[in-house]
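Descriptive analysis of the structure
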Amino acid sequence: AQTVTQSQPEMSVQEAETVTLSCTYDTSESDYYLFWYKQPPSRQMILVIRQEAYKQQNATENRFSVNFQKAAKSFSLKISDSQLGDAAMYFCAYRSVGATNKLIFGTGTLLAVQP
Amino acid sequence: GAVVSQHPSWVICKSGTSVKIECRSLDFQATTMFWYRQFPKQSLMLMATSNEGSKATYEQGVEKDKFLINHASLTLSTLTVTSAHPEDSSFYICSAPYAGVPSYEQYFGPGTRLTVT
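Residues numbered from 1 in each chain as written. Chains lettered and ligands numbered in written order. Predicted model: local features only at pLDDT ≥ 70, side-chain atom pairs only at ≥ 80, totals over all residues. Heavy atoms only, no water.

**Examining the sheet that holds strand β3 (residues 19–25) of chain B**
All names here are of chain B. Inclusion rule: DSSP-based pairing: two strands are paired if at least 2 bridges between them are found. Secondary structure elements follow DSSP: runs of H or I of four or more residues count as helices, runs of E of two or more count as strands, with numbering from the N terminus. Fitted lines through C-alpha atoms serve as axes, helices being fitted only where they are in contact, and the angles separating the N-to-C directions of these axes extend from 0 to 180 degrees.
Read from one edge to the other, the open sheet built from 4 strands follows the order β1-β3-β8-β7, with strand pairing classed as antiparallel. The outermost strands of the open sheet, each flanked by one partner alone, are β1 (4–7) and β7 (67–73). Ignoring which end each strand starts from, the neighbouring axes of this sheet average 15° apart. Both β7 and strand β8 (residues 76–81) contribute to a ladder of 5 bridges, which runs antiparallel. Residue Ile69 lies in a different strand from β8, and its bridge partner there is Leu79.

As structure tokens, then:
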């Protein structure tokens, strides 16, 4: 079975600075998807970024980028130029390629942004 | 983008009563929907997979008779918490994978806060 681990329960960053959130996963599959979701105080889940395992190039979405290390089964999220609105719970998630579409979530990292 | 709605957003019920939560995909068809439970400051715990036209698939440890799931149409899934007790108080979230392109996109409802008194 696949597992997702986020070892940082809480992180803090100064506004305009850069922060990296860690995520590791375990799987025996060769093809899969990885995601970072943001859950602000409203509790609406928002997709931040996604990575297809077959792609070697790291995904980037504006201020958000990932460092995908397939051999190490590591998938970290870097937030550049942090903004107050980035404060939220961040979840790393894994999804197999297949019919189920089921997401496996990590335990989450609560990010605080200091003004 | 695709939208998933949930109703109600917040419900308070008395212990022993049943409460129904609706999850709708507003602009796409969803043959599958997922139901999650989330406790404060914790992750989403998958409860069950709702399948249109067939029985739901429950995760290990989730009581089927307690949490009834019905996927009545391609746009509606319901979760009924039967004989609710205070320990059922939680935040319930549904999601629906988008069957089109990109196929890996999954859309989440805004969640329902259930309080059992």
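**Regarding the pairing of strand β2 (residues 10–13) of chain B**
All names here are of chain B. Operational definition: Partly exposed residues are those whose accessible area sits between 20% and 50% of the maximum for their type, while under 20% is buried and over 50% is exposed, using a 1.4 Å probe and protein chains only.
Covered by surrounding structure in β2 are Val11 and Cys13 only, the residues Trp10 and Ile12 on the alternate face being uncovered. Across 4 bridges, the pairing between β2 and strand β11 (residues 112–116) is parallel. Paired with Trp10 across the strands is Arg113, a residue of β11.

**Here's the deal with the environment of B:Met33**
Residues and elements named next belong to chain B. Stated precisely, the cut-off is as follows: By definition, residues are in contact when any of their heavy atoms lie within 4.5 Å.
Secondary-structure assignment places Met33 in strand β4 (residues 32–38). Linking Met33 and Gln106, residues 73 residues apart in sequence, is a C-alpha distance of 9.5 Å. The residues contacting Met33, other than those within four sequence positions of it, are Cys23, Arg24, Ser25, Ala48, Thr49, Ser50, His71, Thr75, Leu76, Ser77, Ser95 and Ala96.

**Some thoughts on the pairing of strand β6 (residues 46–52) of chain A**
Residue and element names in this part refer to chain A. With 6 bridges connecting them, strand β5 (residues 32–39) and β6 associate as antiparallel partners. Paired with Trp36 across the bridge in β6 is Ile49. The hairpin formed by β5 and β6 contains 6 residues between the paired strands, and Arg43 there has a positive phi angle of roughly 75°.

**Some details on the interface of chain B and chain A**
Rules: What counts as buried area is the accessible surface, traced by a 1.4 Å probe, that two parts surrender upon association, with contributions from both included. Here, a salt bridge means any side-chain nitrogen of Lys or Arg that lies within 4 Å of a carboxyl oxygen of Asp or Glu. Between N or O atoms, a polar contact is any pair within 3.5 Å; within protein, one atom must be a potential hydrogen donor and the other a potential acceptor, and residues adjacent in sequence are included only when both atoms are from side chains. Put simply, Ala, Val, Leu, Ile, Met, Phe, Trp, Tyr, Cys and Pro go in the nonpolar bin, Asp, Glu, Lys and Arg in the charged bin, and everything else, Gly too, in the polar bin.
Facing 22 residues of chain B, the contacting portion of chain A comprises 20 residues. Interface area for chain B against chain A, summed over the two sides, is near 1800 Å², with a carbon-plus-sulfur share of 53%. Applying the counting rule to chain B against chain A returns 2 salt bridges. Of the charged contacts, one joins B:Glu105 and A:Arg50 as a salt bridge, the two residues approaching to 2.8 Å between their closest N and O atoms. Here chain B is connected to chain A by 6 residue pairs in polar contact (both at pLDDT 80 or more). At the level of elements, β4, β5 (44–51), β9 (90–97) and β10 (106–108) of chain B are the ones that each hand at least two residues to the side of chain B that touches chain A. Partitioning the side of chain B that touches chain A into residue classes produces 13 nonpolar, 6 polar and 3 charged.

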